[in-house]
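What follows is each chain in one-letter form.
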Amino acid sequence: MRRPRTVLIVDDQEINSDALEVILGNDYDVITADNGVRALELMRSHINEISIVMLDLMMPVMNGYEVLKTIREEEELRNLPVIVMTSYKEAEVDALRLGASDFITKPFDLHEVILARVGRIIELNEGRRLISSAEKDELTGLYIKNFFFEYADRIFRYHPELKMDTLVLNIEQFHSVNALHGREFGDAVLRAMCSFIREFLRETEGIASRFDADRFSIYCTHRDDHRAILERFQAKMYEFSPKVRIHLRMGVDERTEDVEPVLLFDRARTACIMVRGDYQNPLMIYNEEILKKELFDQRLLSDLRNALADGQFQVYYQPKYDIRCEPPRLRSAEALVRWDHPELGIISPGTFIPLFEGNGLITLVDNYVWEETAKQVAQWRNKFSLTLPVSVNLSRADVFDPDLTDRLCRLIKDNGLDYCDIKLEVTESAYSQDADRLLALIHTLRKIGFEIEMDDFGAGYSSLNMLSSMPIDVLKMDMSFVRNIENSETDLRLMKLILDIAGYLKLSVVAEGVETEGQLKLLRDADCDLVQGYYFSRLVPAKEFEKLIVKERERSVG
Ligand code: C2E
Ligand code: CA
Ligand code: CA
C-alpha cells in the first residue's frame with residue numbers, strides 16, 4: 001500500500017485545525033503549525049513529504065499572505081500547492097493572486113467537498129511534477145516552450161492587473177557562429193545568454209524560455225527601458241566573447257489589451273524578424289504599423305488563390321531595344337506581373353512578391369505568368385509572323401521546384417514554341433542561396449535550349465567568381481549602375497567595367513532602367529547591347545505592346 005500523503009495544516013485556532021484533522025485524518029497524515037513562521041520551518045524541513053498546505057490567512061506572528069509570498073519566492077517551496085482557508089470572501093482573490101491553488105471558506109463546507117478539493121489539487125500538482133523533469137531545457141535551464149506558455153497563460157489569466165511585456169531575443173547569424181566556431185562555442189554562447197536572462201529576471205518579475213536554437217522569450221512585468229535592456233545584454237555578450245562578435249536583436253510587444261500570450265509572442269517575434277540583419281537598430285517594438293502591414297499581408301495571402309482563378313493577375317510587357325543599330329530595334333520583352341485587386345487596386349510585385357516568396361506561393365503566380373506569356377508569344381507570332389522572345393522572371397522558390405524543368409518544357413510544347421522564345425531571368429540573389437543546385441538547374445535548362453539571363457547583376461550579391469562559374473547567356477546590369485552615369489565619373493567607370501567583363505566572358509548585356517537620352521548615348525558608346533527602360537517604354541498591357549510591334553514593322557519595311 002502507498003504511504004499516505006502528508007497535509008500541513010496552518011491555523012492559530014486549534015478548533016479549526018482539529019476539525020480539519022478529523023476530516024482529512026482518514027486519508028492523510030496530518031501535521032500542524034499555529035503560525036506562519038513555524039509553518040515555513042516545517043515546509044523547509046519536510047518538503048519532500050508534504051503534499052499540500054492548508055493555510056489560514058489571519059494569524060499572529062506571520063500571517064497567511066506573507067507565508068504565500070515567501071512560498072512563491074523560495075525556489076524549493078514554489079511548487080507546493082496551497083489551499084487557503086478564510087471566512088472573508090474578499091480574501092479569496094488576493095490569495096489566488098499570491099499563488100494559492102484553491103480556497104475553502106470557514107466555517108467548513110461539507111466534508112466531502114473539502115476532501116474532493118484537497119484530492120484534486122494534490123493530483124493536479126503531482127501530475128504536473130511528474131512531467132516537470134522535462135519542464136526545463138537541459139542546456140540552458142530555462143523553461144521549455146510548452147511550460148513557458150502554460151505559466152505565461154496563468155499569469156495572464158490570474159493577474160489581469162499586471163502589465164506584462166513579451167520580449168523575443170535572437171542571435172544574429174547563429175548558424176554561422178556554430179559553423180565557424182564550432183557547436184561547443186555555440187552552446188557556450190547560448191548558456192551565457194541564459195545566465196544574462198536569469199540575472200535580468202532577478203530584478204524584474206517574469207519567466208523565460210528558449211524556443212528554437214537561438215530564440216529566447218521573456219514574459220516579464222512592464223519596463224520602459226527596452227533599449228537599455230538590449231544594450232546591457234549586448235554589452236555582456238561582448239564581454240563574454242570579445243573576439244567573436246555576437247550580435248543580438250530584440251522584438252518587444254507590450255500588453256496593452258486582452259491579447260493572449262501566444263499572440264503577444266507572435267508579435268514580438270514578428271518585430272524581431274523585422275530587425276534581422278539591422279546591426280544599427282536591433283530593437284523593434286510592435287506597433288500599429290506592423291499590425292496593419294500584417295493584416296494587409298494576411299489579406300493578400302488569403303486572397304491569392306481566388307485572385308489567380310479570377311484572373312486578377314495581369315501580365316505587362318516592357319520592350320528591350322537593341323542599341324547596336326540606328327535607330328534602335330525592338331528585339332524582345334520582359335513579362336512583368338501586376339495584381340489588379342478588386343478592392344485594393346493595382347498592387348505592384350514589390351509588395352507581394354517578397355511575401356509570396358517566403359512561403360513558396362510565388363510559384364503559383366509565376367506559373368500563371370509563364371503560361372500567359374507563352375500564349376501571348378504564340379499569338380503574336382501568328383498575328384505578325386515574327387518571333388519576339390519574351391523573358392519571364394524566375395523567383396528563388398522556383399529554383400527549388402522539382403517540376404520546374406518539366407513545367408517549362410510542357411509550356412513550350414503546348415504553345416508550339418521554340419525553347420529560345422521564352423528566356424529565363426534568374427535574380428542574382430538566387431545565386432548566393434544554393435549555388436550548386438542552381439548551377440545544376442541552369443546546366444539542364446541550357447542543354448534543353450533555354451537561354452538564361454542573370455537579373456539584377458551587381459545589385460549586391462555577385463562575385464566575379466560566380467560569374468565565371470555560372471553558364472549564363474545574358475547579363476542584366478542592375479539599374480543602380482545606370483542611374484548616375486551622367487553625373488558620376490565613378491558610376492560611369494563601373495558601368496564600363498561591367499561591360500568589359502561581360503565582353504571578356506562573351507555575354508551580351510541588357511542595361512536596365514534607362515530613362516534618358518544621355519544615359520542611352522553613354523551606354524551605346526560603351527558598347528552595351530540592349531536597353532530596357534522608361535526611355536523607350538514603360539511596361540504596358542499586351543494590346544498596347546502590339547502598337548510597338550506594328551511601329552517596328554512599319555519602320556523596317558519602310
Ligand atoms: P526586375 O526583374 O528587375 O524588373 C524591372 C523592374 O524595373 C520593373 O519593376 C520595371 O517596372 C522597373 N523599370 C523598368 N524600367 C525602368 C526605368 O526606366 N526606371 C525605373 N525606375 N524602373 C524601371 P516592377 O515591374 O515593379 O518589378 C519589380 C520586380 O518584381 C522585378 O524586378 C522582378 O524582380 C519582380 N517581378 C516582376 N514580375 C515578376 C513575376 O512575374 N515573377 C517574379 N518571380 N518576379 C517578378
Ligand atoms: Ca527581371
Ligand atoms: Ca532586374
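Thresholds applied
- Residues numbered from 1 in each chain as written.
- Chains lettered and ligands numbered in written order.
- Predicted model: local features only at pLDDT ≥ 70, side-chain atom pairs only at ≥ 80, totals over all residues.
- Heavy atoms only, no water.
- Patch = residues over 30% accessible without salt bridge, like charges linked within 9 Å, V, L, I, M, F, W, Y side chains within 5 Å.
- Areas by Shrake-Rupley, 256 points an atom, 1.4 Å probe, with all protein chains shown as cover.
- Salt bridge = Lys/Arg side-chain N within 4 Å of Asp/Glu carboxyl O.
- Lys, Arg positive; Asp, Glu negative; His and termini not counted.
- Charge placed at Lys NZ, Arg CZ, Asp CG, Glu CD.
- Helix = DSSP H or I, 4+ residues; strand = E, 2+ residues; numbered from the N terminus.
- Buried < 20%, exposed > 50% of the residue type's maximum accessible area, 1.4 Å probe, protein only.
- Pairing = 2+ DSSP bridges.
- Near = heavy atom within 4 Å.
- Polar contact = N/O pair within 3.5 Å; in protein donor to acceptor, adjacent residues only side chain to side chain.
- 1 Å grid on protein atoms, 1.4 Å probe; cavity = no way out; pocket = protein on both sides within 12 Å on 5 of 7 lines; lining within 4 Å.
- Sits in = over half its atoms within 2 Å of the grid points.
- Nonpolar A, V, L, I, M, F, W, Y, C, P; charged D, E, K, R; others polar.
- Donors = N, O, S within 2.8 Å, 3.2 Å for Na, K, Ca; no water.
- Axes fitted to C-alpha atoms, helices over the stretch in contact; angles between N-to-C directions.
- Points joined across faces, edges and corners; volume = space filled by probe spheres on them.
- Domains from an automatic or database assignment.
- Contact = heavy atoms within 4.5 Å.
- Core = buried A, V, L, I, M, F, W, Y, C linked by side-chain atoms within 4.5 Å.
- Parallel < 35°, antiparallel > 145°, perpendicular 65-115°, else oblique.
- Left-handed = near helix turned anticlockwise from the far one by under 90°.
- Phe/Tyr/Trp six-rings, centres within 6.5 Å; stacked < 30°, edge-to-face > 60°.
- Lys NZ or Arg CZ within 6 Å of the ring centre and 35° of its normal.

## Observations concerning a negative patch on the surface
So, step 1. A contiguous patch of negative charge, built from Asp-12, Glu-14, Asp-18, Glu-21 and Asp-34, is present on the exposed surface.
So, step 2. Note that Asp-12 resides in the loop between β1 (6–10) and α1 (14–24).
So, step 3. On the basis of relative accessible area, Asp-12 is assigned to the partly exposed category, the value being 32%.

## Observations regarding the pairing of strand β2 (residues 29–33)
So, step 1. As defined by bridge partners, β1 adjoins β2 across five bridges and the pair is classed as parallel. Across the sheet, the residue bridging to Val-7 is Val-30, located in β2.

## Quick word on the site of ligand 1
So, step 1. Gln-318, Asp-366, Met-479, Glu-515 and Tyr-534 are the nearest of the 21 residues found near ligand 1.
So, step 2. One of the side-chain N or O atoms of Glu-334 is found 3.1 Å from an oxygen atom in ligand 1.
So, step 3. According to the grid-proximity analysis, the pocket containing ligand 1 is the second largest pocket.
So, step 4. At the level of secondary structure, the elements contributing two or more residues to the shell around ligand 1 comprise β12 (329–341), α12 (349–358), α13 (362–384) and β16 (452–457).
So, step 5. Here the residues of the shell around ligand 1 are counted per class, giving nine nonpolar, five polar and seven charged.

## Description of the coordination of the calcium ion (ligand 3)
So, step 1. Surrounding the calcium ion (ligand 3) are the protein donor atoms Asp-455 (OD), Asp-456 (OD), Glu-512 (OE) and Glu-512 (OE), at 2.2 to 2.5 Å.
So, step 2. Metal-to-metal, the separation of the calcium ion (ligand 3) and the calcium ion (ligand 2) is 4.1 Å; Asp-455 coordinates the two. Of this pair, Asp-456 sits in strand β16 while Glu-512 sits in the loop between β18 (508–511) and α21 (517–525), placing them 56 residues apart in sequence.
So, step 3. Taking the relative accessible area as the measure of exposure, Asp-456 reaches 23% and is therefore partly exposed.

## Details of the coordination of the calcium ion (ligand 2)
So, step 1. Every protein donor of the calcium ion (ligand 2) is accounted for by Glu-334 (OE), Asn-393 (OD1), Glu-425 (OE) and Asp-455 (OD), and the metal-donor separations fall at 2.1 to 2.3 Å.
So, step 2. Mapped onto the polypeptide sequence, the residues donating to the calcium ion (ligand 2) form the spacing pattern E-x58-N-x31-E-x29-D.

## As for the sheet that holds β2
Adjacent strands of a sheet form backbone hydrogen bonds with each other and so pair up, either parallel or antiparallel.
So, step 1. With parallel pairing, the five strands of this open sheet are ordered in space as β2-β1-β3-β4-β5. One side of each edge strand has no neighbouring strand; the edge strands of this open sheet are β2 and β5 (102–105). Each adjacent strand pair in this sheet contributes to an overall mean axis angle of 20 degrees, direction not counted.
So, step 2. Strand direction decides the pairing type here: strand β3 (residues 50–56) and strand β4 (residues 82–86), joined by four bridges, are parallel.

## Considering the layout of surface pockets
The method is simple in principle: a probe with the dimensions of a water molecule rolls over the atoms, and the space it marks as empty is what remains.
So, step 1. Of the volumes computed, that of the largest pocket is approximately 1,800 Å³.
So, step 2. Considering the residues around the largest pocket, the lining is formed by 46 residues, among which Arg-72, Arg-78, Tyr-143, Tyr-151 and Ile-155 are closest to the centre.
So, step 3. Looking at the lining of the largest pocket, the elements that each hand over two or more residues are α3 (64–73), α4 (91–97), α5 (111–131), α6 (145–158), α8 (183–203) and β7 (206–210).
So, step 4. Among the elements that take part in the lining of the largest pocket, α6 stands out by supplying six residues, more than any other.
So, step 5. Residues of the lining of the largest pocket, tallied by class, amount to 20 nonpolar, nine polar and 17 charged.
So, step 6. The two domains that each donate at least three residues to the lining of the largest pocket are domain 1 (6–126) and domain 2 (145–286).
So, step 7. Looking at the second largest pocket, its volume works out to about 890 Å³.

## Observations concerning empty space enclosed by the protein
So, step 1. By the definition in use, this model includes two cavities of 30 Å³ or more.
So, step 2. Estimated volume of the largest cavity: approximately 40 Å³.
So, step 3. Every element with two or more residues in the lining of the largest cavity is listed here: α8 and α9 (226–240).
So, step 4. Sort the elements by how many residues they give to the lining of the largest cavity and α9 lands first, with four residues.
So, step 5. Residue composition of the lining of the largest cavity, by class: four nonpolar, no polar and three charged.

## A closer look at the side chain of Thr-427
So, step 1. Locating Thr-427 in the fold gives a position in strand β15 (residues 422–427).
So, step 2. Polar contacts involving the side chain of Thr-427 include one to the side chain of Asp-456, which spans 3.2 Å.
So, step 3. For Thr-427, the contacting residues outside a window of four places in its chain are Leu-394, Asp-455 and Asp-456.

## A few points about the nonpolar core
So, step 1. Formed by 82 residues in total, the largest nonpolar core has its most connected members in Phe-313, Phe-356, Tyr-431, Leu-523 and Phe-545.
So, step 2. At 10 residues, the largest contribution of residues to this core is made by α13.
So, step 3. Not counting the four nearest positions on each side in its chain, Phe-545 is found in contact with Tyr-317, Gln-318, Pro-319, Leu-330, Ala-333, Trp-380, Leu-388 and Val-540.
So, step 4. Core analysis: the second largest hydrophobic core is formed by 29 residues, Val-189, Cys-194, Leu-201 and Ile-246 among them.

## Observations regarding the pattern of salt bridges
So, step 1. Inspection of every chain in the model, using the stated rule, returns 34 salt bridges.
So, step 2. As a salt-bridge pair, Arg-331 and Asp-322 come within 2.9 Å of each other at their nearest N and O atoms.
So, step 3. Residue class for Asp-322 comes out buried when judged on its relative accessible area of 3%.
So, step 4. Via salt bridges that share partners, Lys-320, Glu-334, Glu-425, Glu-453, Lys-476 and Glu-512 belong to a single interconnected network.

## Observations regarding the packing of helix α15 (residues 404–414) against helix α17 (residues 435–448)
So, step 1. Packing of α15 against α17 leaves a shortest axis separation of 11 Å and a crossing angle of 20 degrees. Our classification of the angle between α15 and α17 gives roughly parallel. In this structure, α15 meets α17 at a crossing whose hand is right-handed. Note on element contacts: α17 touches α15 through Leu-441, Thr-444, Leu-445 and Ile-448, opposite Leu-404, Thr-405, Leu-408 and Cys-409.

## What about the domain arrangement of the protein chain?
So, step 1. As far as domains go, the protein chain holds domain 1 (6–126), domain 2 (145–286) and domain 3 (295–546).
So, step 2. Each of domain 2 and domain 3 has a C-alpha centre, and these two points are 41 Å apart.

## Regarding the sheet that holds strand β6 (residues 164–171)
So, step 1. As summarised here, the arrangement of the five strands in space is β7-β8-β6-β9-β10, forming an open sheet in which the pairing is mixed. One side of each edge strand has no neighbouring strand; the edge strands of this open sheet are β7 and β10 (283–285). On average, each strand axis in the sheet is inclined to that of its neighbour by 15 degrees, with strand direction left out of account.
So, step 2. Across the face of the sheet, helix α10 (residues 261–274) comes into contact with β6, β8 (215–221), β9 (248–254) and β10 while running at roughly 140 degrees to β9.

## Topic: the packing of aromatic side chains
The relation between two aromatic rings is expressed through the spacing of the ring centres and the mutual angle of the planes.
So, step 1. By the definition in use, this model includes 19 aromatic pairs.
So, step 2. Centre to centre, the rings of Tyr-317 and Trp-380 are 5.2 Å apart; their planes meet at 65 degrees, and the pair counts as edge-to-face. With a gap of 63 residues between them, Tyr-317 in strand β11 (residues 313–322) and Trp-380 in helix α13 connect regions that are remote in the sequence. The same class applies to Tyr-317 and to Trp-380, which are both buried.
So, step 3. Both rings, one in Trp-339 and one in Phe-356, keep their centres 6.2 Å apart while their planes meet at 35 degrees; by these two values the pair is tilted. With Trp-339 in strand β12 and Phe-356 in helix α12, the pair connects residues that are 17 residues apart, well separated along the chain.
So, step 4. Positioned over the ring face of Phe-103 is Arg-117, at 5.8 Å from the centre of the ring.
So, step 5. Positioned over the ring face of Tyr-534 is Arg-538, at 3.9 Å from the centre of the ring.

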